[in-house]
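Understanding the architecture of this molecule
One-letter residues, chain by chain:
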Amino acid sequence: MSDARAGAAAIAALSIASATMFMIPYSTQAIIPAIGRGLDVGPAVTGLTITVVVVGIGVGAWLMGPLSDRIGRRAVMAGSCALLVVPTALIAFVPGIWTLLALRGLQGLLLPGLLTVATAYIYEAFPSRRVPTVVGVYTSALVLGGFLGRTIPALLVDPLGWRDALAVLAVPVFVSAVLIRLLLPEAPPPPKARSPLRALRAHVANTPILLNALAAGTTFFAFVGLFSVLAYRLESSVFGLDATQVGAFYIVWLVGALAPVAVRIAGRHGPRRVLPVFPVVAAVGLAAACLPSLPLMVVGMMVLAGSLFFMVGVAQLLVPLLTLRDRGSAMSLHLTIYYLVGSLGPFAMGWAWSASGWTGAVALAFAALAVALGLTVLLRRSAPGSETGPMLS
């Protein structure tokens, strides 16, 4: 097999696996009202079906990232993907909310086996000139996975019920584990890893790593929180959509397919220079979504989604550039902060919705985007850390 063919096969396997695994975190989002009715719980509690996954990702990142620094990236990606089949399939049998939350939390613990490791793998397995392109393709795969993870359960919830609509995602997860094993080559071994504690100390002392993660996390807070209460807004008397129509609304996610363009631009001009643009653009989209017009809601949420996905791709492009060692641990820290901050979004937005409806949720989202903008400005002005690589402008 030629080098070009092998590279294409690796990109295909990584993209399919990334899309498949990213179907899992938000698979309950579009069917939250159905889950709430089925288990007799309210918006804040059903929002926890997303929160526990996000918290699990933040915790699991500290298992998978350091592990991949020691035993290799591919082994961790393939193993975690295979194990993810089990809790996903078991959702078909959950008797109540606590069992569902436990299985969702276990899914979250396993997801970092790919989500934490993939970017470090890309830097180590592909020529440096191709890294921005491959990171962009990887980000687009995450976007596609997020879209399918919302729309597939929404389309299946009426004929199958919400339990089987979620459990069916175990099938593509299994296929992805096989593809990783067969098509993804081993990356060159990374530099010798330090102890997890020493690596953590070094990364925490690297201010740009922290600012980058916090900026992405606060943007994610606004995004995931709003999309968690969006179904209530769309099903309300303002728009009157049914569950299938709400699921179809998530086609706005596909704007994230343009993420490779943003990542390539960031690769040319420097991620730090590009990042402050995204919270500003997101706020413009959010302003449009405030108006009681379905077309403007579609456009506004599309702009918000695109801004988040562009920011995710560029922020992840930046992480391995901020350290030369223990990149798995660096990505673990990034994703821990990113997901823990974001995990507060569904619960906080559920509370804001219960208190003040869409107006309260939107006000909270605007505040989060303002914080994100301030953090990106500080990141652009901050000095590089002591262990940084090139291309940091």
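Quick note: structure is the one above.
The rules behind the values
Residues numbered from 1 in each chain as written. Predicted model: local features only at pLDDT ≥ 70, side-chain atom pairs only at ≥ 80, totals over all residues. Heavy atoms only, no water. Helix = DSSP H or I, 4+ residues; strand = E, 2+ residues; numbered from the N terminus. Contact = heavy atoms within 4.5 Å. Patch = residues over 30% accessible without salt bridge, like charges linked within 9 Å, V, L, I, M, F, W, Y side chains within 5 Å. Areas by Shrake-Rupley, 256 points an atom, 1.4 Å probe, with all protein chains shown as cover. Salt bridge = Lys/Arg side-chain N within 4 Å of Asp/Glu carboxyl O. Polar contact = N/O pair within 3.5 Å; in protein donor to acceptor, adjacent residues only side chain to side chain. 1 Å grid on protein atoms, 1.4 Å probe; cavity = no way out; pocket = protein on both sides within 12 Å on 5 of 7 lines; lining within 4 Å. Points joined across faces, edges and corners; volume = space filled by probe spheres on them. Nonpolar A, V, L, I, M, F, W, Y, C, P; charged D, E, K, R; others polar. Phe/Tyr/Trp six-rings, centres within 6.5 Å; stacked < 30°, edge-to-face > 60°. Buried < 20%, exposed > 50% of the residue type's maximum accessible area, 1.4 Å probe, protein only. Core = buried A, V, L, I, M, F, W, Y, C linked by side-chain atoms within 4.5 Å. Expected span 1.5 Å × (residues − 1).

Here the focus is the environment of Ala 141. Structurally, Ala 141 can be placed in helix H8 (residues 131-160). Once the C-alpha coordinates of Ala 141 and Ser 15 are considered, the two residues, 126 residues apart in sequence, prove to be 5.3 Å apart. Discounting chain neighbours no more than four positions away, the residues touching Ala 141 are Ser 15, Ser 18 and Ala 19.

With that settled, consider a nonpolar patch on the surface. Side chains of Val 168, Val 171, Phe 174, Val 175, Val 178, Leu 182 and Leu 183 sit close together on the surface and give an oily, nonpolar patch of about 610 Å² of accessible area. In this fold, Phe 174 is placed in helix H10 (residues 170-183).

Time to look at the side chain of Ser 27. Its location among the elements puts Ser 27 in the loop between helix H1 (3-21) and helix H2 (32-39). A polar side-chain atom of Ser 27 sits 2.9 Å from the main-chain carbonyl oxygen of Ile 24. Engagement of the side chain of Ser 27 in a polar contact is seen with the side chain of Arg 104, the distance being 3.2 Å. When sequence neighbours within four positions are dropped, the list of residues in contact with Ser 27 reads Arg 104, Gly 149, Pro 153, Leu 166 and Leu 169.

Here we take up empty space enclosed by the protein. If you walk through the whole model with that rule in mind, you get 4 cavities of 30 Å³ or more. Approximately 130 Å³ is the volume attributed to the largest cavity. Broken down by secondary-structure element, the contributors of at least two residues to the lining of the largest cavity are H8, helix H12 (207-235), helix H17 (294-318) and helix H18 (327-381). If one sorts the elements of the lining of the largest cavity by residue count, H17 sits on top with 4 residues. Grouping the amino acids of the lining of the largest cavity by side-chain chemistry returns 14 nonpolar, 2 polar and no charged.

Turning our attention to the packing of aromatic side chains. This structure, assessed with the given rule, holds 7 aromatic pairs. Where Phe 22 meets Tyr 26, the ring centres are 5.7 Å apart and the plane angle is 75°; that geometry is what we call edge-to-face. No difference in accessibility class separates Phe 22 from Tyr 26, as the two residues are buried. Aromatic rings pair up to connect Phe 22, Tyr 26, Phe 220 and Tyr 338 into one cluster.

Right, let's get into unusual backbone geometry. Even without a glycine there, the phi angle at Asp 40 is positive, about 60°. Take Asp 40: it is sitting in the loop between H2 and helix H3 (43-71).

One finds Leu 115, Phe 223, Leu 226, Phe 227, Trp 253 and Tyr 339 to be the most contacted residues of the largest nonpolar core, which totals 131 residues. The leading source of residues in this core is H18, at 19 residues. Those residues within four positions of Leu 226 in sequence are excluded, and the remaining contacts are Leu 286, Met 301, Leu 304, Met 349, Trp 358, Ala 361, Val 362 and Ala 365.

Our next topic: the pattern of salt bridges. Counted according to the given criterion, the structure contains 1 salt bridge. Note that Glu 124 and Arg 73 form a salt bridge whose closest N and O atoms lie 2.7 Å from each other. Here Arg 73 lies in helix H4 (residues 73-90) and Glu 124 lies in helix H7 (residues 118-125), a separation of 51 residues in the sequence. Comparing Glu 124 with Arg 73 shows no difference in burial state: the two are buried.

What follows covers H2. Summarising burial for H2: 6 of the 8 residues are buried, a large majority. For H2, the complete set of buried residues consists of Ile 32, Pro 33, Ala 34, Ile 35, Gly 36 and Leu 39. Against the buried residues of H2 lie H3, helix H5 (97-110), H8, helix H9 (162-167) and H12. Just downstream of H2 lies Asp 40, where phi reads positive at about 60°.

Quick look at helix H16 (residues 277-289) now. In a regular helix each residue adds 1.5 Å, so 13 residues correspond to 18 Å; H16 covers 19 Å between its end C-alpha atoms and thus fits that length. Those residues of H16 not exposed but buried are Phe 278, Pro 279, Ala 282, Gly 285, Leu 286, Ala 288 and Ala 289. Summarising the contacts, the buried residues of H16 are in contact with H12, helix H14 (259-269), helix H15 (271-274), H17 and H18.

Any functional reading would require information beyond the geometric quantities listed.
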